[in-house]
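Survey of secondary and tertiary structure
Chain residues, written in single-letter form:
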Amino acid sequence: MAITLSNGKRTVFGDQVVWEGTLTGDSSYVTGGETFSTSSPFAGEFKQIDHVIVSTAAARIWVWDESNAKMLIYTALSTQAANTSDQSSQSVDVIVFGK
């Protein structure tokens, strides 16, 4: 499984692509983060991802790890969510900038 995208809106400004929508966690979170790259979960929407803005959920903090192309989920205690834990009830709004 993987994080899923929903309620997406894609806009193009010159050479920049902006995607706004909702991310929802996976039912079996992977320690080290879920793949968040041009191929997954975006399936070719971007050639490169330049910047990600993620809202803060009450129970979880989502962080984009640019160097490893991963989306990490941390608990309110600032520890990464446990391996294989169910994060499917966790959703955040996101804005992604790229080309």
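This report concerns the structure included in the present document. By convention here, each chain's residues receive numbers from 1 onward along its written sequence. Selection of residues for local features in this predicted model requires a pLDDT of at least 70, selection of side-chain atom pairs for listing and counting requires 80 or more, and totals for whole chains, interfaces and linings are taken over all residues. Each side-chain value is worked out from all heavy atoms of the structure, with water and hydrogens disregarded.

1. Brief notes about the pattern of salt bridges
One speaks of a salt bridge when a side-chain nitrogen belonging to Lys or Arg is within 4 Å of a carboxyl oxygen belonging to Asp or Glu. Taken as a whole and judged by the stated rule, the model has 1 salt bridge. A salt bridge links Lys 99 to Asp 15; its shortest N-O distance comes to 3.6 Å. Pair noted here: Lys 99 is in the segment after strand S7 (91–98) and Asp 15 is in the loop between strand S1 (4–13) and strand S2 (16–24), with a separation of 84 residues, a long-range link. A relative accessible area of 35% means that Lys 99 is categorised as partly exposed. The way it works is that DSSP assigns letters per residue, a run of H or I at least four long becomes a helix, a run of E at least two long becomes a strand, and they are numbered from the N terminus. Throughout this description, buried means an accessible area under 20% of the type-specific maximum (1.4 Å probe, protein chains only), exposed means over 50%, and partly exposed covers the range between.

2. What about the environment of His 51?
Mapped onto the elements, His 51 comes out in strand S4 (residues 49–54). Each C-alpha atom of the pair His 51 and Glu 66 lies 8.4 Å from the other, and the pair is 15 residues apart in sequence. When near neighbours in sequence (up to four residues on either side) are disregarded, His 51 contacts Trp 64, Ile 95, Val 96 and Phe 97. Two residues qualify as a contact provided that any one of their heavy atoms is within 4.5 Å of a heavy atom in the partner residue.

3. As for the pairing of S7
Residue alternation in S7 divides its side chains into a buried set, Val 92, Val 94, Val 96 and Gly 98, and an unburied set, Ser 91, Asp 93, Ile 95 and Phe 97. Examined bridge by bridge, S2 and S7 share 8 bridges and lie antiparallel to one another. For Thr 24, the partnering residue across the bridge sits in S7 and is Ser 91. Here, strands pair whenever DSSP counts at least two bridges between them. As judged from the 5 bridges shared by S4 and S7, these two strands associate in the antiparallel manner. Counted as the bridge partner of Val 52 is Val 96 from S7.

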